[in-house]
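Residue-level structure breakdown
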Amino acid sequence: MTTDLETRAAAARPGALRRAAPALLGYAAVRALGLVVLALRSEARGTSAYTLLTARWDSLWYTRVAELGYGYEVRLPNGDVHSNLAFFPLLPWLERLAAAVSPLSYADGGFVVSLLASLAAAWGIFAVADHLYGPRTGVCAVLLWAVLPVGIVQSMAYSESLFTALAAWALYAVLTGRWVTAGLLAGLAGLTRPVGLAVVAAVWAAGAAAFLRERAGSSFVGDGSAVPAGGARGDGHAGPPPDAPRTGAPYGAPQQPHSPGVRLRRAAGMLLAPLGAAGYVLWVGARTGDGPLGYLEVQAGWRNGFDGGYAFARFVAGRFTSFPSALAGVALIAGVALVVWLYVLCVRRRQPLPLLVYAGTVTALALCASSYFGSKPRLLMPAFPLLLPLALVLARARTRLLGAGLGAAAAASAAYGAFWLNGSGPP
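Note that this is a predicted model, so its numbers are computed, not measured.

Right, let's talk about the environment of T51 for a bit. By the secondary structure assignment, T51 is in helix 3 (residues 49–54). We classify T51 as partly exposed; its relative accessible area is 35%. When the C-alpha atoms of T51 and A107 are compared, they prove to be 9.2 Å apart, with 56 residues separating the residues in sequence. At 3.1 Å, the side chain of T51 and the side chain of S48 are in polar contact.

Counted under the stated rule, the structure contains seven salt bridges. We note a salt bridge from E160 to R193, for which the minimum N-O separation is 3.2 Å. You can see E160 sitting in helix 8 (residues 160–175) and its partner R193 sitting in the loop between helix 9 (179–190) and helix 10 (197–216), a full 33 residues away along the chain. For E160, a relative accessible area of 0% gives the class buried. Looking at R193, the relative accessible area reads 12%, which means it is buried. Taking the shortest distance from any N to any O, the salt bridge between R266 and E214 comes out at 2.7 Å. With R266 in helix 11 (residues 260–272) and E214 in helix 10, the pair connects residues that are 52 residues apart, well separated along the chain. A residue is classified by how much of its surface remains accessible, and R266, at 0% relative accessible area, is buried. Residue E214 is classed as buried on the basis of its relative accessible area, which comes to 5%. Here the salt bridges do not stand alone but share partners, grouping D58, E160, R193 and R378 into one network.

Cut-offs applied
- All residue numbers here refer to positions counted from 1 along the written sequence of the relevant chain.
- Side-chain atom pairs in this predicted model are given and counted only at pLDDT of 80 or more, local residue features only at pLDDT of at least 70, and totals for whole chains, interfaces and linings cover all residues.
- With hydrogens and water set aside, each side-chain value is computed from the structure's full complement of heavy atoms.
- Each helix is a run of H or I in the DSSP string that is no shorter than four residues. Each strand is a run of E no shorter than two, and both are numbered from the N terminus.
- Burial classes follow relative accessibility: with a 1.4 Å probe on protein chains only, a residue under 20% of its type's maximum area counts as buried, one over 50% as exposed, and anything between as partly exposed.
- Here a polar contact is taken to be a pair of N or O atoms separated by no more than 3.5 Å, where protein atoms must pair a possible hydrogen donor with a possible acceptor and residues adjacent in sequence count only if both atoms sit in side chains.
- The term salt bridge refers to a pairing of a side-chain nitrogen on Lys or Arg with a carboxyl oxygen on Asp or Glu at a separation within 4 Å.

Structural measurements only, silent on function.
Written as structure tokens, this is what we have:
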């Protein structure tokens, strides 16, 4: 028996693209501006914007995997070993597919995949925000994601856009009760980046919560919280809290809580979710001969690991050794404080459990890893639920003021991206 939530979602499906069109058009405009400014800046410096987007840093490693497969490594004078086994396979597979069915090179294929995936990610972010808060908030969430200072990475032959697309649609599938779809998308996300574990954790947390609530015989509401009888809030006012997500069955929880079909699909989704990440990690362990921990050894060769943020804290503290660099230290502390504050707002606004688990895991892995510190803004980019509190505020602004503010942010993001890629760039 289909749930009321599934019926409403199915009814909205034919007009889904039309509903998302303003967000997608706005997103495309922001990204086009970023590419134009990058091209102008690169022309002025005598560099190639296309090379910066497709044949620098990690892009080279992905295309090498697509062309030659795994097994390539670089041994550095200090003893570090940079192996291409550190790079998950989904993007190289898609680059190889694009080259096989078209005249595109592997690098061209990576660029096309990223462009298409960035649009899919924008649509997925809109779908999640629209489902919870309405279309205006959805548009604002997409545009905020587009104008991030490191937004130019969304147009690079990197895996961030592909991963964000898979993660956003997996979360939307969980919220709308499509458990098998959520599991399949989580599995693909796990083949894209190590942080795919965040999507798996979100699916498992939502599934476990639904099972526990069924056993307890609870009623269900959209944010997973019970609404007091009579619609009264804890603050003495009627109705749900301000900016609370729309009510309805959470994560596809059935109106018939003991439906065997729903429980079976939920269990199937939870079983499918970790297969991508687990399969690749185990394959790397078998290939290197180091067993289940083999992938960690590969990452150690890149000096990547999880140390609870100790190395990052030392890096920030080191900025305060002189006055000019102290300003960078202050900026880093402010940036981390902003991220933590946004997550606290997400909790206070009672975001659904899968979004909180996903955003919290992405944030923890980004901030507490000992990887290259310049990558951390890029690693945080998939944590789009952090933008929803800001999107809610912007959605209440006047259209003219909203357009002016986002336009200025888009220009600043485009300028920063152009100077960044023509400078140190993302590693």
